[in-house]
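# Per-entry structural report
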Amino acid sequence: MTIRSQIIGCGSYLPARAVTNEELSRNLDTSDQWIRERSGIEKRHIAAEGEFTSHLGIAAGQAALDDAGIGASEVDLIVLATSTPDETFPSTASCIQAGLGAAGSAAFDVQAVCAGFIYALAVADNFIRCSQACTVLVIGAETLSRILDWNDRSTCVLFGDGAGALVLQASKGLGEVNDRGVLSTHLHCDGRDHDCLYVDGGPSSTGMVGVVKMQGKEVFKKAVVRLTEVAEEAFSTHGLSGRDVDWMVPHQANLRIMKGMAKKLDFGEEKVIVTIDQHANTSAASIPLALDWGCSEGKIQPGHLLLLEALGSGLTWGAAIVRW
Ligand code: UT7
């Protein structure tokens, strides 16, 4: 018998205000056509003044708890993936914990930027596997709009705000690929690629927050290579191929990357969950937002086999194989 992290709840939250490409192009030298063709984005949601990452995380976390049918007091651990914390400290996870009414549980942030949700899922899964937690709330929440240079058209059109969450709970399985839950996680980082994608500030360097800087083409090329490698690593762990997977739920950075991955991994584009058109790139929030959308659309069903994958600043990247 093996302890598995079964997914018992899923939820998400988007700020009310949606900003279209057309609206952005009124004050910026860009166009709806360029943004759609190069990235697949049609609109993004932007947090309201006074609406913080913790508020988004609380809403998504509560939705996931409601979906699971459990109360916050049953949560042993909250792991939040974010690169846009409310404050330098305390962790935004601790603010979310207070907001949800889960006092006494462990709570901390994980910083792996756009790969953050995969990292947080791996942390949560490993806490469950070694019996240090039974019920874990894993959240990805971001207010990327707060760290964008709104005059830099090469970055500001790409990102959005939002949050998504999963509730994981320990369950006993046979340790086989047919078990429901998180079957494996695979994490990597190459810190030498720092300059491809970073924020030019922080508490220890400038004392300021900074804004996103990206060499988009470089990141694009590395993403296709690294994501293919890690997906193949994940498949080979279980003797799977792309054809065995029901859905790929990728980090939503670029529609062309997602389509390229589907081709390389030998499964049809129709098996890719795509939300970048509606949400843009919400960094650590994009995978749980896509999972929740996929469920609400009736696409992702209990028992389906999913490949989750993401790459972000660091560079960090990772994948997970999940039986929903
Ligand atoms: O989430 C973390 C991981 N991130 C990613 O995986 C992102 C990976 N990169 C990408 O998604 C793509 O590289 C971008 C969408 C960022 C850019 O697409 P691209 O096809 O690589 O375009 P580019 O950066 O090579 O720029 C092409 C042209 C340039 O003009 P010139 O030099 O050819 O005259 C840019 O100045 O497009 C110009 N450009 C724009 N034009 C209109 C750049 N941004 C814009 C814009 N509107 N917003």
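That block above? That's the structure.
Residues numbered from 1 in each chain as written. Predicted model: local features only at pLDDT ≥ 70, side-chain atom pairs only at ≥ 80, totals over all residues. Heavy atoms only, no water.

We now examine helix α3 (residues 53-68). Spanning 16 residues, α3 covers 22 Å between terminal C-alpha atoms, matching the ideal 22 Å at 1.5 Å per step. Buried within α3 are the following residues: Thr53, Ser54, Leu56, Gly57, Ala60, Gly61, Ala64, Leu65 and Ala68. Seen from one end, α3 has its buried residues packed into an arc of 160°, which puts them on one side. In this structure, the buried residues of α3 make contact with β1 (2-13), α4 (92-100), β6 (135-143) and β7 (161-173). Positive backbone phi, approximately 75°, marks Gly69, located one or two places after α3. (Helix = DSSP H or I, 4+ residues; strand = E, 2+ residues; numbered from the N terminus. Expected span 1.5 Å × (residues − 1). Buried < 20%, exposed > 50% of the residue type's maximum accessible area, 1.4 Å probe, protein only. Arc of directions from axis to C-beta. Contact = heavy atoms within 4.5 Å.)

Moving on, we come to the sheet that holds strand β8 (residues 181-189). An order of β8-β13-β12-β11 is seen for the 4 strands of this open sheet, with the pairing classed as mixed. Strands at the two margins of the open sheet, each flanked by one partner only, are β8 and β11 (247-250). In this sheet, adjacent strand axes meet at a mean angle of 15° when their direction is disregarded. With respect to the sheet, helix α5 (residues 116-129) is in contact with β8, β12 (305-312) and β13 (316-323), its orientation differing from that of β8 by roughly 125°. (Pairing = 2+ DSSP bridges. Axes fitted to C-alpha atoms, helices over the stretch in contact; angles between N-to-C directions.)

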